[in-house]
Amino acid sequence: MADKPLNIAIIGQGFMGRAHSNAYRQVKHFFDVPLEPRLKVICGRNPENLARIAATWGWEETSTDWRAVVERPDIDVVDVAAPNSLHAEMALAAAMAGKIVLCEKPLAVSVEEGERMAEAVRGAPNMVWFNYRRAPAIAFTRRLVEEGRIGQVFHYRATYLQEWGNDPTRPPGWKLRRSEAGSGVLGDLLSHLIDTALYLNGPIREVSAMMHTFAAGRDVDDATLLLARFANGSVGTFEATRYAVGCRNRNAFEIHGSRGMARFNLEDLNRLEFFDAGDARNLQGGRNLLVTGPDHPYATNFWKPGHIIGYEHTFIAALGDFLGCLSSGAGFHPDFDDALGVQRVLAAVERSASERRWCTVE
Ligand code: SOE
């Protein structure tokens, strides 16, 4: 039987517009799903750029009117990859029009927006592009946690370090404007760390945070740091910054438990360091695992063991899993409700930083 076509409209023509476009084009090469994504229309504000991107990635049409596109009866899926402050309006319109809604992270710029969005899509298939959950080494860490190989977790330590905030030659884009981004590294980078932490270590109960802006006149946070208490009794530290000179995209975590330790850094995304406290003491040491199979997450989807994958595969795998769930009727994660959970932590972080006190995650 021929695969069922799935007509996609994407709103957004930036970095994520490209990353998602690539996933739509590639997914069928790696995931055996009975659905055929069709790149119908790409929407954005800049017509010249749009035409170029459409030609590069194979979108059939372009549009500068996302509202008209969302109403089109031939569109099945609306993928929101526009600046953060537009996510709610676009996702709500798409949900109202009965579309399957996919949204870039962070879900929203406030908990109130996120709640309305999660409510609007509840009961329908939906997804948020927290793509790093699909890095094989991160999915494998989750498996180690579930198998008890880390044991009772004591410490969860995560950093997302970029350096581009310090570049005075860089043109100021929407990510540096509160009116469009909602926040700085809080939504852009810390949201990834929190999603991964919730996925690997469970709910966060309370936080104590500071937010800092280095650049004069900038109205978003350049750096956000916090302490956290998890529901499982472990304690966490998080640091997200665009001023970590020397680090391009260092999204990293370390988990220390009673039975072992796992350490990951996205800049070396095929690798996971695992320490087994059950090994003979004179043989203990970090095992530098190449998480490309055999018996690793996504090993059968991509290349043969030892043949490394890259950043784009995390998006392809997220989409592949989503399409698999869509065709089987299974629930996909992370969905809007999961992303709302992240949003609640981010809100507690902001509250804590502005009130200079510990705050409970509502
Ligand atoms: C910011 O530089 C950014 O592109 C984020 O927006 C992405 O979500 C992150 O994965 C990489 O960095």
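Residues numbered from 1 in each chain as written. Predicted model: local features only at pLDDT ≥ 70, side-chain atom pairs only at ≥ 80, totals over all residues.

Draft legend 1. Region of interest: unusual backbone geometry. A cis amide bond links Lys105 with the next residue in sequence, Pro106, at an omega value of -10°. With respect to the secondary-structure elements, Pro106 resides in the loop between strand E5 (100-103) and helix H5 (111-121). Cis geometry marks the peptide bond from His333 to Pro334; its omega dihedral reads 5°. In this structure, Tyr298 is a non-glycine residue whose phi angle is positive, near 65°. The buried category is assigned to Tyr298, around which 23 C-beta atoms lie within 10 Å. (Helix = DSSP H or I, 4+ residues; strand = E, 2+ residues; numbered from the N terminus. Buried ≥ 20, exposed ≤ 12 C-beta atoms within 10 Å, placed from the backbone.)

Draft legend 2. Geometry of helix H2 (residues 47-57). Buried within H2 are the following residues: Leu50, Ile53 and Ala54. Buried residues of H2, seen end-on, are gathered within an arc of 100° and therefore sit on one face of the element. Looking at H2, the residues exposed on the side facing more than 90 degrees away from the buried face are Glu48, Ala55 and Thr56. Looking at the buried side of H2, the elements it contacts are helix H1 (15-30), strand E2 (35-43) and strand E3 (61-63). Positive phi appears at Gly58, one or two residues downstream of H2, with a value of about 85°. (Arc of directions from axis to C-beta. Contact = placed C-beta atoms within 7 Å.)

Draft legend 3. Here's a closer look at the sheet that holds E5. Taken in spatial order, the six strands of this open sheet run E3-E2-E1-E4-E5-E6, and their pairing is parallel. The sheet terminates laterally at E3 and strand E6 (126-128), the two strands that pair on one side only. Geometrically, the sheet is characterised by an average inter-axis angle of 25° between neighbouring strands, direction not taken into account. Bridge analysis of E2 against E3 gives three bridges, and the strand direction is parallel. Directly across from Cys43, in E3, lies its bridge partner Ser63. (Pairing = 2+ DSSP bridges. Axes fitted to C-alpha atoms, helices over the stretch in contact; angles between N-to-C directions.)

Draft legend 4. Looking closely at the sheet that holds strand E9 (residues 223-230). Read across the sheet, nine strands follow the order E14-E13-E12-E11-E7-E10-E9-E8-E15 without closing on themselves; strand pairing throughout is mixed. One side of each edge strand has no neighbouring strand; the edge strands of this open sheet are strand E14 (287-290) and strand E15 (359-360). Across four bridges, the pairing between strand E13 (residues 271-276) and E14 is antiparallel. Its bridge partner lying in E14, Phe274 is registered against Arg287. Sitting on the sheet, helix H8 (residues 185-201) touches strand E7 (153-161), strand E8 (204-212), E9, strand E10 (235-241) and strand E11 (250-257), and the angle it makes with E7 is about 155°.

Draft legend 5. Highlighting the site of the ligand. The environment of the ligand is formed by Phe15, Gln162, Asp188, His192 and Asn249. Classifying every residue of the shell around the ligand by side-chain character gives one nonpolar, three polar and one charged. (Near = placed C-beta within 6 Å. Nonpolar A, V, L, I, M, F, W, Y, C, P; charged D, E, K, R; others polar.)

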